[in-house]
Amino acid sequence: MPANILNLPAYTVTALQENEHDYHIDATVKAMPVCPHCRGGDLSGFGRREQMVHDLPSHGRRVGLYVDTRRFKCNPCSINQGKTVTFYEPLPDVDERRAMTSRLRAWIGKQAIKRTFASLAEEVGIDEKSVRSVFRDYINELEKTIRFEVPRWMGIDEIYLIRPRCVIANIANNTIVDMLHNRNKETVVRYLHHLEGKDRIQYVAMDMWQPYRDACHAVIPDAKIIIDKFHVVKMANEAMERVRKDLRERLTPKQRRGLMHDRWVMLKRERDLTDEDSLLLSGWIRNYPELGLAYRLKEDFFGIYDAESPDEAQGRFLQWKSQITPDIEPAFFDLVRAWGNWNPWILEYFNHPITNAYTESLNNLIRVMNRLGRGYSFEALRAKILFAEGAHKRTNSRPKFERKSRKEALQALLNGEDIESDLSEGAIGLAGTRSFSMGRMSPTHKPSTQLPEPPKNYGVDISTLTRMLENGEL
Ligand SMILES: [Zn+2]
């Protein structure tokens, strides 16, 4: 009898059957139990029953464990209570409620982050509902053990997974710290309200979506709200597109053919146009002046973002707005209105510009998720993203190597005080501060009074996550 096939020392394997798909393993529990009431061992046998338990798939086959479970009568308890007191022996290493081994349960939890519930259910030989239930418990456990640092620079963005969802990011660290079911005010309020250390949040970058703004005003009123440049200039592109599409509709098919690739060329920034692009564009502009004006307005709107202060930006905007002619005004109406409605928060950007790196990497992630996210529930995708092993950005518990620290500290100083990486406050920052304040000390003589920083977890690195998703590692 292959006694070791099970590799569960608490059991004796008594029989093994196999076919193309399955192993059926008969087993008994080795040890004698004690009475659950009196903890005594004065027991008499009182029958048996067979309990079927699922176990880890083995050699490509599903594994069913058939435990011949003993029932016992406790002699002292029966005398004391004046009736027959019986119990079934407990099954070691088994989750009896789920009828599966503990190791199978743990394995399903981990696997369910990477794979669809259906494929797991098929491989193990259980139903999808059981997989989902194990997964939920697993995620709840993870939620308790993994805590991300609250960002000083928080990003609230959107990602479309079946429906629009809310992504909470740490902008300075380029990480994701949470994903919310939807983008309603109540959802964001609840999230912020329960967030431990929410006072740390100083800036929130977001899209022009009123529920986000209202939620922040309600829960973290001291945090500065900033509308990310990306969302504003996107509207300039859309306005230009409106002009272009209106024009195309008025053209004959022959004229329209003359506008081949117009969308592609016009969405390009002026500085990125090739000679061929420029030639095409100038031809179109000659024939259709409104196209030229729309392109000019788009480019000039981007130019507003070269301003170095809110005042300068507002001045540039007014100048820009005066160039809009009545015939294309409707196309730019939304943009002009948004600038008015969101003015203080749009202008706040010029006090605290957010790095393009963050916006770009988030957009890359959104693209990949749109492609790969199909077939998963939101909970599974959220877990995939938040608990992806290997994508977490952490500080080390030990200070960094001295020379590197000095460089990073210098970098942090050069970057200015506003976009200060959260990381620079952690282990790196401490080490960096030390190498400045104790500049004359030899690096080999580290002060022993240095307080050890507990390691911090800043969330899921967006670029790493995107790469892992693209490589199929998740
Ligand atoms: Zn007893």
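Before any of the text, the structure's been laid out above.
Reading the values: the criteria
Residues numbered from 1 in each chain as written. Predicted model: local features only at pLDDT ≥ 70, side-chain atom pairs only at ≥ 80, totals over all residues. Helix = DSSP H or I, 4+ residues; strand = E, 2+ residues; numbered from the N terminus. Expected span 1.5 Å × (residues − 1). Buried ≥ 20, exposed ≤ 12 C-beta atoms within 10 Å, placed from the backbone. Arc of directions from axis to C-beta. Pairing = 2+ DSSP bridges. Axes fitted to C-alpha atoms, helices over the stretch in contact; angles between N-to-C directions. Parallel < 35°, antiparallel > 145°, perpendicular 65-115°, else oblique. Left-handed = near helix turned anticlockwise from the far one by under 90°. Contact = placed C-beta atoms within 7 Å.

Caption draft 1: Here's a closer look at helix H7 (residues 229-250). With 22 residues, H7 extends 33 Å from end C-alpha to end C-alpha; this agrees with the ideal 32 Å at 1.5 Å per step. Among the residues of H7, those classed as buried are Val232, Ala236, Ala239, Met240, Val243, Arg244 and Leu247. Along the axis of H7, the buried positions cluster into a sector of 130°, meaning they face one direction only. For H7, exposure combined with an orientation more than 90 degrees from the buried face picks out Lys245 and Glu249.

Caption draft 2: Fine view of the sheet that holds strand E11 (residues 203-206). Spatial ordering of the open sheet is given by E12-E11-E8-E9-E10-E14-E13, a layout of 7 strands whose pairing is mixed. In this open sheet, the two edge strands, each paired with only one partner strand, are strand E12 (224-227) and strand E13 (392-394). Taken over all neighbouring pairs, the strand axes of this sheet differ in orientation by 40° on average, direction set aside. Pairing of strand E10 (residues 175-180) with strand E14 (residues 457-461) involves 2 bridges; the strand directions are antiparallel. Counterpart to Ile176 in the pairing with E14 is Val460.

Caption draft 3: Quick peek at unusual backbone geometry. The phi dihedral of Ala99 falls on the positive side, at around 55°, and the residue is not glycine. Mapped onto the fold, Ala99 is located in the loop between strand E6 (94-95) and strand E7 (100-101). Residue Asn174 is not a glycine yet carries a positive backbone phi of 60°. With respect to the helices and strands, Asn174 occurs in the loop between strand E9 (163-170) and E10. The class for Asn174 is buried, based on 23 C-beta atoms found within 10 Å.

Caption draft 4: Seen up close, the pairing of E9. E9 sits mainly inside the fold: 6 of its 8 residues count as buried. Sheet topology note: the strand E8 (residues 153-161)/E9 ladder contains 8 bridges and is antiparallel. Bridge pairing in E9 links Leu161 to Arg163. Hairpin geometry of E8 and E9 is characterised by an intervening segment of 1 residue between the two adjacent antiparallel strands and by a positive phi of about 70° at Ile162. Two elements, E9 and E10, share 5 bridges in a ladder whose sense is antiparallel. Looking at the pairing, Val167 lines up with Met179 of E10. Hairpin remark: E9 followed by E10, antiparallel, with 4 residues in the connecting loop; positive phi at Asn174, about 60°.

Caption draft 5: Local environment of the packing of helix H11 (residues 289-304) against helix H12 (residues 310-321). Viewed as axis vectors pointing N to C, H11 and H12 meet at an angle of 165°, and their least axial separation amounts to 9 Å. With respect to H12, the axis of H11 lies roughly antiparallel. When you trace H11 past H12, the crossing you get is right-handed. In contact with Asp300, Phe301, Gly303 and Ile304 of H11, H12 contributes Ala313, Arg316, Phe317 and Trp320.

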